[in-house]
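Breakdown of the fold
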Amino acid sequence: RPRLLVSRLFQPLSWAEGGEAAAEGGEAACRSHRLLLQGGLISPAAPGCYHYLPAAVRALEKLVALVDGAMRAAGGQKLSMPCLSAAEAWRASGRWERMGAELFRLADRHGKGYCLAPTHEEAVTELLAAQSNLSYRQLPLRLYQVTRKFRDEPKPRLGLLRGREFHMKDMYTFDASAEAARRSYELVCDAYGRLFRALGLRVVRVRADAGAIGGTVSHEFQLPAEVGEDRLALCPGGHFAANAETISAEQEACPTCGEPLTRTRGIEVGHTFYLGTKYSSVFNATFCTAENKLQLAEMGCYGLGVTRILAAAVEVLSTEDSIRWPGLIAPYQVCFIPPKKGSREEKGAALLERLYDDVAEAVPRLAGDLVLDDRTQLTIGKRLKDADRLGYPYVIVAGKKACGDPAMFEVWSQNAGEVTFLTREGVIDLLSKVRVS
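The following paragraphs examine the structure supplied in this document. Just so it is clear, the model here is predicted, and its values are computed rather than measured.

Observations regarding the packing of helix H9 (residues 348-362) against helix H11 (residues 424-431)
- Where H9 contacts H11, the two axes come as close as 10 Å, and the packing angle between them is 40°. By the criterion of interaxial angle, the relationship of H9 to H11 is oblique. You can see that H9 and H11 cross each other, and the crossing is right-handed. Together, Leu355, Asp358, Val359 and Ala362 of H9 and Arg424, Val427, Ile428 and Leu431 of H11 make up the contact between the two elements.
- Taken together, the residues that form the contact of H9 with H11 break down as 6 nonpolar, no polar and 2 charged.

Shown next, in the form of C-alpha cells:
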C-alpha cells in the first residue's frame, strides 16, 4: 500500500484568512464554519450548499458507519428512497400546504408536481401501504436511510449547522400496537444516547414540539453550545429537560424537584416523534393481525442530522484556532512529520518512513488512516502547527531524538494534550489501541 502524502491531498488550507472567513450574507462565521473552511474540509457552492472535500467525506463516512451500527443494533434495516417526492402524497397528508415555503417545489415536463424531500414520512408510509400481505409476524419493522435532504431555509447560516442541503439519517418504525410503538421509541432513543456517548458529545434529550411532522410525543437531542439556535430549560439534577418553546416563560423551577431551571442554548442534532396512526391512516398502511383482520400500523420517526453532528462536534470540541474531532470520526488518525530537508536531523526521515510502514503492517485497520507530511521544504514547526489546526488525534515527529540510539519519536496526543517520546515499539503499541469506526 503506497504511503498517503499530504502534498497529494486535495485539502486547500487557508489559514492566512484568519477570522475573516464569513458566512452567507456577510455574517461572521461560527467556529465550526470557519475552521472547516480554513482547514479545506468544505467549500461554498451556493447559499446553504457546500462541496464536501475529501477529508470531510472521510469523517462523514466514519460517522455514517457509526450510525449504521447503532441502527442495526436497534433492529434497523437500511433502504434508500428517492429524494424526489410526488406532490400528491404530500397533498394527501396535508403537508404540501402546511410546509409552506420550506419545500423546494418543481414540476416535470408533464406538469406533475414534486418536491425535494426534507423528510420521508409520506414516501415510507406509501411504501408500506403497497405491501398488501404484511403480517403482524413481520412487525416491528424499523426502516432507515442516510440521504441528502433539502429545506429552503430563508436565511442559511452557520455553515453546516443551518443549510439548504444536508445529510440526514431518518428511521421509520411500524408496530402492531401503541405499547409496542412506545417500546420502539425508547429503544431508538437509547441507541441515540449510546451513539452520542461514543462520540464524546454531552447531548441532552429534551421534551420538544412535534412541529410540522406531528405526533403526540416528541423529543430533541440537543448539544449545549453558545451558537445554538434553540433555547433549553434544564434541571441541574437531570430530572427535567425541555425546549423552552414547550413551557411557559413563567416556569422557573423543575416540576419534579423544585430546583431552579438553568437556561442555555443548544444545537439540535436529533429529533424523535411518536406518530401513532397519523400517516398510516392517510395512506391505509395496514397489517394482518393474528385474528386475520386488517389493522393500521402504529408509527414513529427518528432523525439524526449527520452533517450537523459533524459540525456541532467541531463547534463544541475545538479551540478557536484548532479543530478537535471525536476520535472515532477524525478524517485521519495519525500524521507523520519527517525533518526538514537539509537539516541536521534529515537522516531521521528514513526511520520515520519505515515507522509509517511498520504501523500500517502491524495495525492494518489503521493503514488507510495514516498520512505523511512530505512538505519537507517547510520546518517541522510549521507542519506541526498545521497538524494541530487540522486535529489529527496523533502526530509523530522525527526530531533530534530520532537520530539517537535507540531512536525516539516525539508523539503528540492531540485530544489528550500530551507529548511523549517513544521508541518504534512504543509507537506501535500506542497506536494498536486506537479505535476507528
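Picking up where we left off.
Observations concerning the environment of Ser132
- In this fold, Ser132 is placed in the loop between helix H5 (121-129) and strand S7 (141-150).
- According to the relative accessible area criterion, Ser132 is exposed, its value standing at 72%.
- As for Ser132 and Ala285, which are separated by 153 residues in sequence, their C-alpha atoms are 8.8 Å apart.

Some points on the packing of aromatic side chains
- Going through the model one piece at a time under the given rule, you end up with 4 aromatic pairs.
- Between Phe336 and Tyr356, the aromatic rings sit 5.2 Å apart at their centres with planes inclined by 50°, giving tilted as the arrangement. Taken together, the residues span a long stretch of sequence, with Phe336 in strand S17 (residues 334-337) and Tyr356 in helix H9 at a distance of 20 residues.
- Phe336 sits in the buried class, given a relative accessible area of 0%.
- When its relative accessible area of 3% is taken as the criterion, Tyr356 is described as buried.
- Through successive ring pairs, a cluster of aromatic residues spans Tyr192, Phe196 and Phe221.
- In this structure, Lys278 packs its charged tip against the face of Tyr279, placed 5.4 Å from the ring centre.

The rules we used
- Within each chain, residues carry numbers counting from 1 in the order of the written sequence.
- It should be noted that, the model being predicted, local features are given only for residues of pLDDT at least 70 and side-chain atom pairs only at 80 or more, the latter also being counted only at that level, while totals for whole chains, interfaces and linings use all residues.
- As a convention, hydrogens and water are excluded, and side-chain values are obtained from all of the structure's heavy atoms.
- Fitting a line to C-alpha atoms yields each axis, with helices limited to the stretch in contact; the angle taken between N-to-C directions then spans 0 to 180 degrees.
- Numbering of helices and strands runs from the N terminus, with a helix taken as a DSSP run of H or I at least four residues long and a strand as a DSSP run of E at least two residues long.
- Angle categories are assigned with fixed cut-offs, so that under 35 degrees is roughly parallel, over 145 is roughly antiparallel, 65 to 115 is roughly perpendicular, and the rest are oblique.
- Should the near helix be turned anticlockwise from the far one by less than a right angle, the crossing is termed left-handed; should it be turned clockwise, right-handed.
- Two residues form a contact once any of their heavy atoms are found within 4.5 Å.
- Residue polarity follows a fixed list, in which Ala, Val, Leu, Ile, Met, Phe, Trp, Tyr, Cys and Pro are nonpolar, Asp, Glu, Lys and Arg are charged, and the others, Gly among them, are polar.
- Only protein chains enter the accessibility calculation, which uses a 1.4 Å probe. A residue is then buried if its area is under 20% of the maximum for its type, exposed if over 50%, and partly exposed in between.
- Two rings from Phe, Tyr or Trp (for Trp, the six-membered ring) form a pair when their centres are within 6.5 Å of each other. A pair whose planes differ by under 30 degrees is stacked, one over 60 is edge-to-face, and the rest are tilted.
- For a ring to carry a charge above it, either NZ of a lysine or CZ of an arginine must fall within 6 Å of the ring centroid while also lying within 35 degrees of the normal to the ring plane.

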